[in-house]
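Observations on the model geometry
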Protein chains: 2
Amino acid sequence: MMDVKIERLLINYKTLEDFKQFQAYGIQELSMLDDLQNEIVENDSESPFYGIYYGDHLVARMSLYRRSAKYDDYFNPPQDYLVLFKLEVLEDYRGNGYGEMLVNFAKEFQLPIKTNPYMDSSDFWEKMGFEAVSYNMERDLGENPYIWLPPGVKEALQPSE
Amino acid sequence: MMDVKIERLLINYKTLEDFKQFQAYGIQELSMLDDLQNEIVENDSESPFYGIYYGDHLVARMSLYRRSAKYDDYFNPPQDYLVLFKLEVLEDYRGNGYGEMLVNFAKEFQLPIKTNPYMDSSDFWEKMGFEAVSYNMERDLGENPYIWLPPGVKEALQPSE
């Protein structure tokens, strides 16, 4: 395996062009582009994305957002936690452990993590030590949340309905 | 076009078997199956899903959930709204307008609607009169919400960050 490292992605035209190769390109990316063009954010400011470059080619990324304890419906006791989303490795670069590297990076913050994976990736998340939550309609709707619990943290008790 | 109608789906073993054909099969469906097996829900009780049968074959479905105004971050004035999710037509039955029928059915409640479509379906939602929201990181994270506004309802103002 080539020596690779995880970098905080900077908001600039190159990053936003790189993002177009990822399937989960949506209004978040369009909004970042808009903010850059309208000088609402400075060039090279930090984005909520982390990525892996192969040479100067962005080949994997994820977004991490730290959500405040007051919005925590998943963990016991309620606490700040990370929402991990848009984890994606470009197709030609899969099978090199880049996805695992990104998830392990997220775990290093030692905060509980919540993600809402695509349907067919439960094997991956279970291998990474995540577990499916107990489904709650009001909270989860169409999501399939998987959570990772650092030591001392449990899944939140389900509210009675 | 064959005469088709939209039905509220009942929770029973046939419905839950039919659900396995849909890509967005996840913990919600597993939880419904579990509740049925453990007699937590009665056989043939109402589900949050609506569907279209072709003969006795379920070929399209969506889930609708009425969320209370106190959780409304999307509309102005804040009000009860519908979350539409897991809209899906089985591949062999696409191109017959079943998706449109289901969305039009949802609109008949005359409540604002929020959905979080798959990446490549923005054309469909725009054709159905939905619009992309202004992206807000804290609220939307990895989602790409599209909303439908009945008369007199506007998109919520963005909170300043």
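Read on for a plain summary of the structure. (Residues numbered from 1 in each chain as written. Chains lettered and ligands numbered in written order. Predicted model: local features only at pLDDT ≥ 70, side-chain atom pairs only at ≥ 80, totals over all residues. Heavy atoms only, no water.)

Below, the discussion takes up the interface of chain A and chain B. With 27 residues of chain A in contact, the opposing surface of chain B contributes 27 residues. Roughly 2,300 Å² is buried in total at the junction of chain A and chain B, and carbon and sulfur atoms are behind 66% of that figure. It is A:Ile27, A:Glu138 and A:Leu141 that lose the most area in chain A upon contact with chain B, and together they represent 28% of the buried surface on that side. The residue A:Arg67 makes a salt bridge to B:Glu138 at a minimum N-O spacing of 3.7 Å. Counting across the interface, chain A meets chain B through 8 residue pairs in polar contact (both at pLDDT 80 or more). The residue inventory of the side of chain A that touches chain B, partitioned by class, reads 15 nonpolar, 7 polar and 5 charged. (Contact = heavy atoms within 4.5 Å. Buried area = accessible area lost by both parts, 1.4 Å probe. Salt bridge = Lys/Arg side-chain N within 4 Å of Asp/Glu carboxyl O. Polar contact = N/O pair within 3.5 Å; in protein donor to acceptor, adjacent residues only side chain to side chain. Nonpolar A, V, L, I, M, F, W, Y, C, P; charged D, E, K, R; others polar.)

Now for helix α2 (residues 27-37) of chain B. Regarding α2(B), the residues found buried are B:Ile27, B:Gln28, B:Glu29, B:Ser31, B:Met32, B:Leu33 and B:Leu36. Remark: B:Glu39 follows α2(B) within two positions and exhibits a positive phi of approximately 55°. (Buried < 20%, exposed > 50% of the residue type's maximum accessible area, 1.4 Å probe, protein only. Helix = DSSP H or I, 4+ residues; strand = E, 2+ residues; numbered from the N terminus.)

Our next topic: the side chain of A:Asp140. Residue and element names in this part refer to chain A. Of note, Asp140 is situated in helix α5 (residues 137-140). Classification of Asp140 as buried rests on a relative accessible area of 1%. Leaving out residues up to four positions away in the same chain, Asp140 has contacts with Tyr74, Val133, Ser134, Tyr135 and Pro145.

A word on the pattern of salt bridges. All chains considered together, the criterion is met by 22 salt bridges over all chains. For the salt bridge of B:Lys127 with B:Glu100, the shortest nitrogen-to-oxygen distance reads 3.0 Å. Within this pair, whereas B:Lys127 is found in helix α4 (residues 122-127), its partner B:Glu100 is found in helix α3 (residues 98-107), the two being separated by 27 residues in sequence. According to the relative accessible area criterion, B:Lys127 is exposed, its value standing at 59%. Measuring nitrogen to oxygen at the nearest pair gives 2.7 Å for the salt bridge that ties B:Glu143 to B:Lys114. Taken together, the positions of B:Glu143 in the loop between α5 (137-140) and β8 (146-148) and B:Lys114 in strand β6 (residues 113-115) put the pair 29 residues apart, joining distant regions of the chain. With respect to class, B:Glu143 is no different from B:Lys114; both count as buried. Each member of the salt-bridge network shares a partner with another, and the members are A:Glu29, A:Arg61 and A:Lys86.

With that settled, consider the nonpolar core. Counting residues in hydrophobic clusters, the biggest one holds 26 residues, and the most contacted among them are A:Phe75, A:Phe85, B:Phe75 and B:Phe85. Contributions of two or more residues to this core are made by β5 (81-89) of chain A together with β5 (81-89) of chain B. The residues contacting A:Phe75, other than those within four sequence positions of it, are A:Tyr81, A:Pro112, A:Ile113, A:Lys114, A:Ile147, A:Trp148, A:Leu149, A:Val153, A:Lys154, A:Glu155 and A:Ala156. (Core = buried A, V, L, I, M, F, W, Y, C linked by side-chain atoms within 4.5 Å.)

Attention now moves to the sheet that holds strand β2 (residues 45-54) of chain B. The strand order β1-β2-β3-β5-β6-β8-β7 (chain B) describes an open sheet built from 7 strands, whose pairing is mixed. Two strands in the sheet have a free side with no partner beyond their single neighbour: β1 (6-11) and β7 (131-132) of chain B. (Pairing = 2+ DSSP bridges.)

This part covers unusual backbone geometry. Residues other than glycine predominantly adopt negative phi, and peptide bonds predominantly adopt the trans conformation. A:Asn76 connects to A:Pro77 through a cis peptide bond whose omega is 0°. With respect to the helices and strands, A:Pro77 occurs in the loop between β4 (75-76) and β5. One non-glycine residue, A:Glu39, adopts positive backbone phi at about 55°. Assignment of secondary structure puts A:Glu39 in the loop between α2 (27-37) and β2 (45-54). The backbone phi angle of B:Gln110 is positive, close to 60°, even though this residue is not glycine. Judged by relative accessible area, B:Gln110 falls into the partly exposed class, the value being 49%.

That is the geometry; function is a separate question.
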